[in-house]
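Remarks on the overall topology
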Amino acid sequence: TLGTSLMFSCWWLFFPWYTCFSRLLSTAALAPQICVVGSGPAGFYTAQHLLKHHRLARVDIYEKLPVPFGLVRFGVAPDHPEVKNVINTFTQTAHSDRCAYYGNVTIGKDVMVKELQRAYHAVVLSYGAEDNRILGIPGENLSGVYSARAFVGWYNGLPENRDLKPDLSSETAVVLGQGNVALDVARVLLSPLDILRKTDITEGSLAAIACSKVKRVWLVGRRGPLQVAFTIKELREMINLPGTRPLLDPADFTGLGDVIKDIPRPRKRLTELMIKSAREKPGEKEAALWASATKEWGLKFQRSPLEVLPATDGKQARGIRMAVTRLEGSGESARAVPTGEVEELECGLILSSIGYRSLPLDSSIPFDPKLGIIPNSLGRVQGAPGLYCSGWVKRGPTGVIITTMNDSFDTAQSVLEDLQTGVLNLSNSKEGFKSVRSILHSRGVHPVTFSDWEKIDAAEVARGKLAGKPREKIVDPQEMLQLISH
Ligand SMILES: Cc1cc2nc3c(=O)[nH]c(=O)nc-3n(C[C@H](O)[C@H](O)[C@H](O)COP(=O)(O)OP(=O)(O)OC[C@H]3O[C@@H](n4cnc5c(N)ncnc54)[C@H](O)[C@@H]3O)c2cc1C
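Residues numbered from 1 in each chain as written. Predicted model: local features only at pLDDT ≥ 70, side-chain atom pairs only at ≥ 80, totals over all residues.

Description of the overall build of the chain
- When helices and strands are tallied, the chain shows 19 helices and 18 strands.
- Reported as C-alpha extents along the three principal axes, the dimensions of the chain are approximately 100 × 55 × 45 Å.
- Once local pairs closer than 6 in sequence are excluded, the contacts in the chain between residues at least 24 apart make up 75%. (Helix = DSSP H or I, 4+ residues; strand = E, 2+ residues; numbered from the N terminus. Contact = placed C-beta atoms within 7 Å.)

Points about the site of the ligand
- Surveying the vicinity of the ligand reveals 34 residues, the closest of which are Gly38, Gly40, Gly70, Gly128 and Gly391.
- Going through the elements one at a time, helix H3 (41–53), helix H4 (70–74), helix H8 (180–190) and helix H16 (401–420) are the ones with two or more residues in the shell around the ligand.
- When residues of the shell around the ligand are assigned to their parent elements, the largest contribution, three residues, is made by H3.
- Looking at the shell around the ligand, its residues break down into 17 nonpolar, 14 polar and three charged. (Near = placed C-beta within 6 Å. Nonpolar A, V, L, I, M, F, W, Y, C, P; charged D, E, K, R; others polar.)

Focus: the domain arrangement of the chain
- Assigned domains of the chain: these are domain 1 (31–130 + 358–448) and domain 2 (136–355).
- Between domain 1 and domain 2, the C-alpha centre-to-centre distance is 34 Å.
- Considering only residue class, the side of domain 1 that touches domain 2 consists of six nonpolar, one polar and two charged. (Domains from an automatic or database assignment.)

Things to note about the packing of helix H18 (residues 450–467) against helix H19 (residues 477–485)
- Close contact between H18 and H19 brings their axes to 9 Å; oriented N to C, the two are set at 110°. Classified by the angle between their axes, H18 and H19 sit roughly perpendicular to one another. Judged by residue contacts, Asp452, Lys455, Ile456 and Ala459 of H18 engage Met480, Leu483 and Ile484 from H19.
- Its residues assigned to classes, the contact of H18 with H19 shows five nonpolar, no polar and two charged. (Axes fitted to C-alpha atoms, helices over the stretch in contact; angles between N-to-C directions. Parallel < 35°, antiparallel > 145°, perpendicular 65-115°, else oblique.)

A few points about the sheet that holds strand E12 (residues 317–328)
- Spatially, E11-E12-E13 is the arrangement adopted by the three strands of the open sheet, whose pairing is antiparallel. Only two strands of the sheet have a single partner each, and these edge strands are strand E11 (303–310) and strand E13 (335–346). In this sheet, adjacent strand axes meet at a mean angle of 20° when their direction is disregarded.
- Bridge count between E12 and E13: nine bridges; the pairing is antiparallel. (Pairing = 2+ DSSP bridges.)

Some words on the nonpolar core
- In terms of nonpolar packing, the biggest core is built from 57 residues, with Ile34, Cys35, Val37, Val59, Val123, Val124 and Leu125 touching the most fellow members.
- Of the residues forming this core, the biggest block, six residues, is contributed by H3. (Core = buried A, V, L, I, M, F, W, Y, C linked by C-beta atoms within 7 Å. Buried ≥ 20, exposed ≤ 12 C-beta atoms within 10 Å, placed from the backbone.)

A closer look at the environment of tyrosine 62
- With respect to the element layout, tyrosine 62 can be found in strand E2 (residues 58–62).
- Using a count of 28 C-beta atoms within 10 Å as the deciding quantity, one classes tyrosine 62 as buried.
- Considering only alpha carbons, one finds tyrosine 62 and glutamate 344, 282 residues apart in sequence, at a separation of 47 Å.
- Setting aside its immediate chain neighbours within four residues, tyrosine 62 contacts Cys35, Val37, Tyr102, Val105 and Ile107.

A few points about helix H13 (residues 265–279)
- Given a rise of 1.5 Å per residue, 15 residues ought to cover 21 Å, and the 20 Å separating the end C-alpha atoms of H13 matches this to within 8%.
- Those residues of H13 that sit buried are Leu270, Thr271, Met274, Ser277 and Ala278. Along the axis of H13, the buried residues cluster in a sector spanning 125°; they form a single face.
- Along its buried surface, H13 packs onto helix H11 (232–239), strand E9 (244–247) and helix H12 (256–259). (Expected span 1.5 Å × (residues − 1). Arc of directions from axis to C-beta.)

Topic: the confidence of the model for the chain
- Per-residue confidence for the chain averages 92 on the pLDDT scale, and 94% of its residues sit at or above 70.
- Confidence drops under a pLDDT of 50 for residues 6–29, and excluding neighbours within four residues, the segment shows four contacts in the predicted structure. (pLDDT = per-residue confidence, 0-100.)

A closer look at the pairing of strand E4 (residues 122–125)
- Alternating positions in E4 separate into two faces, Ala122 and Val124 on one and Val123 and Leu125 on the other, with burial throughout.
- As defined by bridge partners, strand E1 (residues 33–37) adjoins E4 across four bridges and the pair is classed as parallel. What sits directly across from valine 36, in E4, is valine 124.
- When E4 meets strand E18 (residues 387–389), the two strands line up parallel, connected through three bridges. Bridge assignment links valine 123 to a residue of E18, and that residue is leucine 387.

A look at unusual backbone geometry
- A positive phi angle, near 70°, is found at asparagine 104, a position not held by glycine.
- Along the chain, the position of asparagine 104 falls in the loop between strand E3 (99–102) and helix H6 (113–119).
- Not every positive phi belongs to a glycine, and glutamine 302 is a case in point at roughly 50°.
- Of the residues examined, glutamine 302 has 22 C-beta atoms within 10 Å and is grouped as buried.

Things to note about the sheet that holds strand E8 (residues 216–220)
- Strand order across the open sheet formed by six strands is E6-E14-E7-E8-E10-E9, with parallel pairing between neighbours. Looking at strand neighbours, the two that pair on one side only are strand E6 (145–147) and E9, the edges of this open sheet. Adjacent strand axes in the sheet meet at a mean angle of 20°, parallel and antiparallel pairs treated alike.
- The pairing of strand E7 (residues 172–176) with strand E14 (residues 349–352) spans four bridges and is classified as parallel. From the neighbouring strand, valine 175 faces E14, where its bridge partner is leucine 351.

Next up, the structure:
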């Protein structure tokens, strides 16, 4: 019959190879082109989740610096190398044949978000937070006053801060803020050189710290011990820092033993450790260590900065005037209110560690200036279909890498759902990097690929080896670009 002869003449249709071939044909058309702006944890975790859960998706990661990994490279303290192990996972993601990295490309300047939207089915903004909130008090421009962000950037080799040259000639430093970044900064200022020497702290900052006169660091907070933002691991590390002793006023902790009975366990344990260190007699070993210490650090509570005081030359900071506060309310929501009493503290180095802040990328993208975030629901940018956000720019500059990982997975999930439900229209074919490449070319921008980064990485590791360090970071972007141009 006709049916049978047709079936025989089309026998090849039933062969597995044909099925594979036809699948390949349709997949080429349906591969979603996605790009991520920023190569910090948010960018890499978003890419990882998309690649893992969509077998066809292609993800391009754009980064303004030549080198990847955001605050993992430029924020995390040099003496916390274990935290930086996440780089191994990010490297695996970058090695996927469906992922590409383009460093040295600033979105909002070299390429606009609108141009990315024309080239990709979805654009995920994961560009983190930059600007450190300024103190807004008189004298903050005096020499000796820095943002913790700039100071951290300096010792971690962030190109824009490499020439900071902080003045470390004073014996007393004040860090305004009581979070983990404040503790990082205090630890780097007070750590024995032998410890720092084995880390990836930059050569230049190590040399400056070797000549530092700082031997006392006060961490100042507007509120009380129950409102500190650091966590127990970092506090314990500070208490056990060789060559230093804690200066904790037992009076600050009076009566807290009763209050903490009913508070959540992490804060309870943290407060117990502060109370123990402040009020209990140290053990024999601890007492001996503290007695021989040449440096010290302490917590000052319920002090709000009013003014940086100038030295007689009118240029250098010589101290800080602070309002003594009392607390209104209790727990996390307690507010610091000035009592009218004022106190001055002599110090020649002041570091403000009162938070990071995201900035809008360009005026076409919704931005909430008050919260410093891109308004979104589950990572979908409000009123901008096809645009997503993850990480610090999505939820504000708080939380550790794990927090950032979870929220990036959530955002990636929203993208996957929108692909599945057809909100993202794959029938519009998108060229992805092909069209961005011609834009970059016409603007004279030369992107750095992941294999370029691996050359920089190898050079840094080789330089570090000579000095007994995990790496010696290259701090000049021009030097990086020269290195990969050969
Ligand atoms: C000083 C400090 C120490 C920290 N220490 C720890 C720690 O020990 N452990 C821990 O778990 N967490 C730590 N954190 C928190 C952790 O770093 C953050 O949770 C995480 O880095 C946030 O990720 P992100 O990708 O949103 O931002 P980022 O890490 O800031 O990444 C954003 C990336 O976007 C790039 N970018 C910015 N603008 C553009 C643009 N216009 N175009 C292209 N690219 C752009 C940036 O260069 C950067 O690479 C620390 C944070 C700080 C500030």
